[in-house]
Amino acid sequence: MVNLEAELPAPSAERIAVHLTNDALRQVRGGHPWVWDGSIVRASAQGAAGDLAVIFDDKRKFAAIGLWDPTAPIAVRVLHQGSPRTIDADFFADKLLTAFAHRQPLHDRTDTTAYRLVHGENDGLPGLVVDRYDRTLVVKLDSPVWVPHLAMLVEPLVELADAERVVVRASRRIIEDLPPILRNSPTVFGSRPEGPIEFFENGLQFEADVERGQKTGHFLDQRDNRQLIATRCNGARVLDVFCNSGGFSVYAAAGGARSVHSIDVSEHAIAATVRHVELNRLGLGFETEHTSAVGDAFEAMEDLADHRQRFDVVIVDPPSFAPNSASAPAARRAYRRLTSLAVELLANGGTLLQASCSSRIPADEFYALVTGEIAESDHKAQHTIRTGHALDHPIGFEQGSYLKAVLADIVPNRL
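Since this is a predicted model, take the numbers as computed values, not measurements.

Rules and cut-offs
- Residues numbered from 1 in each chain as written.
- Predicted model: local features only at pLDDT ≥ 70, side-chain atom pairs only at ≥ 80, totals over all residues.
- Heavy atoms only, no water.
- 1 Å grid on protein atoms, 1.4 Å probe; cavity = no way out; pocket = protein on both sides within 12 Å on 5 of 7 lines; lining within 4 Å.
- Points joined across faces, edges and corners; volume = space filled by probe spheres on them.
- Helix = DSSP H or I, 4+ residues; strand = E, 2+ residues; numbered from the N terminus.
- Pairing = 2+ DSSP bridges.
- Axes fitted to C-alpha atoms, helices over the stretch in contact; angles between N-to-C directions.
- Phe/Tyr/Trp six-rings, centres within 6.5 Å; stacked < 30°, edge-to-face > 60°.
- Lys NZ or Arg CZ within 6 Å of the ring centre and 35° of its normal.
- Buried < 20%, exposed > 50% of the residue type's maximum accessible area, 1.4 Å probe, protein only.
- Contact = heavy atoms within 4.5 Å.
- Polar contact = N/O pair within 3.5 Å; in protein donor to acceptor, adjacent residues only side chain to side chain.
- Salt bridge = Lys/Arg side-chain N within 4 Å of Asp/Glu carboxyl O.

Undergrad: Before we move on, can you summarise empty space enclosed by the protein with the specific residues and values?
TA: Over the atoms rolls a probe the size of a water molecule, and its path tells where empty space is left. The final tally for this structure, using the stated rule, is one cavity of 30 Å³ or more. Estimates place the volume of the largest cavity at around 30 Å³. Val343, Leu346, Ala347, Asn348, Gly349, His379, Ile410 and Pro412 together form the lining of the largest cavity. Every element with two or more residues in the lining of the largest cavity is listed here: strand E18 (346–356) and strand E20 (404–412). Considering each element in turn, the lining of the largest cavity owes the most residues, four residues, to E18.

Undergrad: With reference to specific residues and values, describe the sheet that holds strand E11 (residues 187–189).
TA: The pairing of strands in a sheet happens through backbone hydrogen bonds and is either parallel or antiparallel. The strand order E7-E8-E9-E10-E11 describes an open sheet built from five strands, whose pairing is mixed. Each of the sheet's edge strands pairs with one partner strand only, and the pair in question is strand E7 (114–119) and E11. With strand direction ignored, the average angle separating the axes of adjacent strands in the sheet is 25°. Both strand E9 (residues 136–141) and strand E10 (residues 165–170) contribute to a ladder of six bridges, which runs parallel.

Undergrad: Quick one: what's the story with the packing of aromatic side chains, residue by residue and with numbers?
TA: Per the counting criterion, the structure on display carries eleven aromatic pairs. Pairwise contacts between aromatic rings join Phe242, Phe298, Phe321, Tyr335 and Phe366 into one cluster. The ring of Phe248 is capped by Arg226, whose NZ or CZ atom sits 6.0 Å from the centre of that ring.

Undergrad: Explain the pairing of strand E4 (residues 52–56) to me, and be specific about the residues and the numbers.
TA: Here E4 lies mainly inside the structure; four of its five residues are buried. When strand E1 (residues 15–20) meets E4, the two strands line up parallel, connected through five bridges. Paired with His19 across the strands is Phe56, a residue of E4. In the sheet, E4 pairs with strand E5 (residues 62–68) via five bridges, with the strands oriented antiparallel. Of the residues in E5, the one forming a bridge with Phe56 is Phe62. Between the end of E4 and the start of E5, which pair antiparallel, lie five residues, with Arg60 showing a positive phi angle near 65°.

Undergrad: Lay out the environment of Val265 in plain terms, naming residues and giving numbers.
TA: Mapped onto the elements, Val265 comes out in the loop between strand E15 (259–264) and helix H7 (267–284). In the structure, Val265 is positioned 32 residues away from Ala297 in sequence and 6.9 Å away in space, judged by C-alpha atoms. Among residues more than four places away in sequence, those in contact with Val265 are Val294, Gly295 and Asp296.

Undergrad: Can you lay out unusual backbone geometry for me, pointing to particular residues and giving the numbers?
TA: The backbone of Asn202 sits at a positive phi, close to 50°, despite the residue not being glycine. Along the chain, Asn202 turns up in the loop between strand E12 (197–201) and strand E13 (204–208). We note that His383 has phi near 55°; this positive angle belongs to a residue other than glycine. In this structure, His383 sits in strand E19 (residues 379–387). By relative accessible area, His383 is classed as exposed at 56%.

Undergrad: Describe the side chain of Asp392, with residues and values.
TA: Along the polypeptide, Asp392 turns up in the loop between E19 and E20. Side-chain polar atoms of Asp392 contact the side chain of Arg223, separated by 2.8 Å. Non-local contacts of Asp392, meaning those with residues more than four positions away in its chain, are made with Arg103, Leu106, Tyr115, Arg116, His119 and Arg223.

Undergrad: I'd love a proper account of the side chain of Ser245, names of residues and values included.
TA: With respect to the helices and strands, Ser245 occurs in the loop between strand E14 (237–241) and helix H6 (247–254). A residue is classified by how much of its surface remains accessible, and Ser245, at 11% relative accessible area, is buried. Within the local environment of Ser245, its side chain forms a polar contact with the side chain of Asn244, the two groups lying 3.4 Å apart. If we ignore the near neighbours within four places in the chain, the residues touching Ser245 are His218, Ala269, Ala272, Thr273 and His276.

Undergrad: Hey, could you go over the pattern of salt bridges for me, with residue numbers and the actual values?
TA: Scanning all chains against the criterion turns up 24 salt bridges. Arg226 serves as the salt-bridge partner of Glu201, at 2.8 Å between the closest nitrogen and oxygen. Highlighted residues: Glu201 in strand E12 and Arg226 in helix H5 (residues 223–230), separated in sequence by 25 residues. Accessibility classification places Glu201 together with Arg226 in one group, the buried group. Salt-bridge contacts for Asp364 lead to Arg386; the nearest nitrogen and oxygen are separated by 2.7 Å. Of the two residues, Asp364 sits in helix H10 (residues 363–376) while Arg386 sits in strand E19, which places them 22 residues apart along the sequence.

Structure below.
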């Protein structure tokens, strides 16, 4: 177990006075959690990542307080706005308690032992994510501003979530800037995991590689959509594109699918998918035929269409196509192309589930893209369901909304 207080820099007593443009100040007072470096008119000191930045208006009145990063595009991650508030261990404990209380219904379930405990900005802790896998917590840092404050977070997290282990991970862009003790996914509380962490999701078994897996080891945000699609798969031929570790594939098989074909560009993802399908086959005894392929999703779907393959259910859950505003036009084209290919691969009356995790493509626009391409393909969507964020992925500000999905039965305009 790591003594974080001894190994990490202590929070600085320095407070940096920050003045913003009028527009940025208005946004902060409206609850926006980010202050971009270009919005700063002046700051009282250079400071270091994790220092507290106090935002004042032009009358020197307190507006907000947040964590300072002098080298990042997001210069201040706002923790509190309105009246002055002390940022200390009690402040963070209160934030964590509020976040946990929101997830209490998930925590109390026995058939689901993994959920997101802290969803960054949306829980008032910008740049910080905490996921729970059984009794292991994975703390993911998207900014170095959290390093000096990490020791204050671990104890209340362990107590709230009844955790036996805490693993710290960081996004690639900041990993080299972290203290040596926080590199290479260290376990800072409890014993280091000897392998993947087993957990349940709606009664199905999965494993999360909490040290090296994508994100924190599993994509928890699609849990409700996976449950939804399972109800459509009895006796169906299912195609799962961008399958990642096989979440949708497992639910389809458990839902009674006749066959499931999983596609992903990553050999590691396909291996995890096969392992998860077989793990649940052993536990549930389903007889679904499962096949898989490593390859580019677009090319694989085109090849299946060329060979006149047809499926009763097609699931398309790609990674984010729009990491920045400049990539949004290409993302729109990619979503439309995926819809067109999916429609071509569907049997008459088949079910399409298409999702997007690109926050720069709003839900209404994504829905219009998908239904518009369905119409362009001379088909129509029936019994349409639109879904969004699950309980443990709340939306706390406009840009916090990223996940959206469309579920529909697709029929030709002319039979």
